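# Observations on chain architecture
Spelled out from the first residue to the last, the chains are:
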Amino acid sequence: MATLCYYLTALLGMTILSLPPGNITLLWLPAGIGLIMFMQIGLTAGPLVFIASLAANYPSMTASGLDAGVLHTVVAATIDTLASGLAALLVQRHLPQGLCKSWDTVSLLFWACLLPMGLSSLLLCSNLWWGGYISLEQWNYYFQALFLADSLGILLIYPLYLSLRGLVLSQLTWPKFVVLTMLFALLSVVAAFHLLPGALYLCFPLLTFVALRGRPYHLGFALLLCVMALLMMASQDLGPFALADYDTGVVMLMSFVFCIAVVSLAIMLHQQELNEAIRIQAFWREKAIHDDLTGLYNRVHFLRRLDEERLRSERTKAPYVVALMDVDWFKKVNDQHGHLIGDRVLKGLADLMVKQLRQIDVLARIGGEEFALLMPNVSLNQARQALERLRSSLEQEGIQVNGRTYLITLSIGAMQADGAPVEILLQKVDTLLYRAKHHGRNRLEMDVAE
Ligand SMILES: Nc1nc2c(ncn2[C@@H]2O[C@H](COP(=O)(O)OP(=O)(O)OP(=O)(O)O)[C@@H](O)[C@H]2O)c(=O)[nH]1
């Protein structure tokens, strides 16, 4: 399959994407495909790449009628194969994680483009010169064109391969902004060739937009589409790059396309780094305020919210109630059924409380089997009803773990807040909780602030 892709993209390069009269390939996607074949199947890729390159190069290299066309085709195919193998080796060694940071673009440029493609372009040009295909004066020009075409093949295929790896077709999504951006990029290419040469530079901001907002494969496809459109049109007419000196025009065009690819890749990777940093920051921010076992808020966050509510209530005069709830005889649950079951009972209890309370209530686990509750905007009576309902439903239904019911009860102390500082308020509620325990557990003790 990959061999066929190699062959077909090689043909594409030598037909639609070639420039008359020199038959220069503007884009050599096989360089990227060969690299991936080596990375995927190792040395087995060697003969496959060789055959595909030979088959693709043979017609054009023998068409000129020069002597030893077969020999030079074999040499060219060997160079192509070695270049892909070397690029794969260097990429695996220097970019073992693939492309992660924007700085990796520089590594990719050096290890996958500059070194192996620079070397192979040097050898390929020497082979062409040796076979009489090009003159010594043309050597420099062909070297630049080959190098840019091969490097571009890698810059377009390798990131696309990385971003599609592991994805199945049904997982690909195409949000409207990506489709529209790609459409506008295509239009700007067409406009550049027919109306206004400067329109070509619109590709830069448009691709940057996809790099910032889209997924990596969006950029991969957008780049491929944009570059192919640009080069296809250029192969008919150099458009904005139709300079007085034809060869310079070709190299300028390829350099421009090369820069588009490099810059948008770097931007995409940088954006990925930023997104990852934001994701990690959000993860730790969430973790810092939550209790791992139950998913409820932790003590630190509860105290902060309580203080905020105190200040809010000072302004609005809205009443609020604070409760402390402690599981009775929880040690027995652990002792009889083990800590793991104890943990699950606590988690089940937390879920039950969340289900029974209102969304605006703030519930936290502030100790082993101790929970704290802030009920904003409630009267003492409303709070009493809600807490009683919670206590009695727990008493009757217990907590289900693995199909088994664990009957546990809660002692609760609660009071309407009076604007006292948080620590003092909690001390008072704790006294009520202690009273509930002292008076036999499984009960609610409530008080209005004095
Ligand atoms: N499984 C589990 N047990 C915990 C956790 N945190 C605290 N505990 C246990 O909770 C139990 C609390 O025991 P005690 O403080 O004696 O209280 P109690 O047995 O609930 O009795 P009273 O509170 O007096 O009704 C201890 O056995 C702790 O090991 C936890 O995260 N998971």
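Because the structure is predicted, anything quoted here is derived from the model rather than measured.

Parameters at a glance
Residues numbered from 1 in each chain as written. Predicted model: local features only at pLDDT ≥ 70, side-chain atom pairs only at ≥ 80, totals over all residues. Heavy atoms only, no water. Helix = DSSP H or I, 4+ residues; strand = E, 2+ residues; numbered from the N terminus. Buried < 20%, exposed > 50% of the residue type's maximum accessible area, 1.4 Å probe, protein only. Contact = heavy atoms within 4.5 Å. Phe/Tyr/Trp six-rings, centres within 6.5 Å; stacked < 30°, edge-to-face > 60°. Near = heavy atom within 4 Å. Polar contact = N/O pair within 3.5 Å; in protein donor to acceptor, adjacent residues only side chain to side chain. Areas by Shrake-Rupley, 256 points an atom, 1.4 Å probe, with all protein chains shown as cover. Nonpolar A, V, L, I, M, F, W, Y, C, P; charged D, E, K, R; others polar. Core = buried A, V, L, I, M, F, W, Y, C linked by side-chain atoms within 4.5 Å. UniProt positions renumbered as here; feature names shortened; annotations may be inferred. pLDDT = per-residue confidence, 0-100. Disulfide = S-S within 2.5 Å.

## Overview of the environment of glutamate 369
Structurally, the position occupied by glutamate 369 is in the loop between strand E4 (362–365) and strand E5 (370–376). Among the residues examined, glutamate 369 registers a relative accessible area of 23% and is labelled partly exposed. Here the alpha-carbon distance between glutamate 369 and leucine 410, two residues 41 residues apart in the chain, equals 9.8 Å. Beyond its immediate stretch of four places on either side in the chain, glutamate 369 contacts Met325, Asp326, Val327, Phe330 and Leu346.

## Examining the packing of aromatic side chains
Across all of its chains, the model carries 11 aromatic pairs by this definition. Between tryptophan 174 and phenylalanine 221, the ring centres sit 5.6 Å apart and the planes meet at 55°, which makes this aromatic pair tilted. Residue tryptophan 174 is found in the loop between helix H6 (139–164) and helix H7 (176–194), and its partner phenylalanine 221 is found in helix H9 (residues 216–236); the two are separated by 47 residues along the sequence. Tryptophan 174 gets classed as partly exposed once you look at its relative accessible area, which sits at 37%.

## Some points on the site of the ligand
Surrounding the ligand, one finds 16 residues, the nearest of these being Phe330, Lys331, Asn334, Asp343 and Lys437. With respect to the ligand, the backbone of histidine 339 contributes an N or O atom lying 3.1 Å from a nitrogen atom. A distance of 2.8 Å is found between an oxygen atom of the ligand and a side-chain nitrogen or oxygen belonging to lysine 437. Protein burial of the ligand: of its 650 Å² of free accessible surface, 69% is covered by the chains. Looking at the shell around the ligand, the elements with two or more residues in it are strand E3 (320–327), helix H12 (330–337) and helix H13 (339–356). The element best represented in the shell around the ligand is H13, accounting for 4 residues. When grouped by side-chain class, the residues that make up the shell around the ligand number 4 nonpolar, 4 polar and 8 charged.

## Observations regarding the nonpolar core
Within the largest apolar cluster, 94 residues are counted, with the highest numbers of intra-cluster contacts made by Leu27, Ile154, Tyr158, Leu223, Leu231 and Leu253. Residue contributions to this core peak at 16 residues, all from H6. Sequence-distant contacts of leucine 223, defined by excluding residues within four places in its chain, comprise Leu156, Leu207, Ile260, Ala261, Ser264 and Leu265. Among the nonpolar cores identified, the runner-up in size contains 35 residues, and Leu296, Met353, Ile399 and Val401 belong to it.

## Considerations on the UniProt feature "transmembrane region" (unreviewed entry) in the protein
Per the UniProt record, "transmembrane region" (unreviewed entry) is found at residues 28–56, 68–88, 108–129, 141–161, 181–204, 216–236 and 248–269. With 67% helix and 0% strand, residues 181–204 has end C-alpha atoms that lie 11 Å from one another.

## Notes on the confidence of the model for the protein
Of all residues in the protein, 98% attain a pLDDT of 70 or more, and the chain-wide mean is 90. In the model output, the complex is listed with pTM 0.64 alongside ipTM 0.96.

## Some points on the state of the cysteines
Cysteine pairs can be linked by a disulfide, which is a covalent bond between their two sulfur atoms. For the coordinates displayed, the defined rule picks out 0 disulfides. Left without a disulfide partner, cysteine 226 is nearest to the cysteine sulfur of cysteine 203, which lies 3.6 Å away. Take cysteine 226: its relative accessible area is 4%, and that puts it in the buried class.

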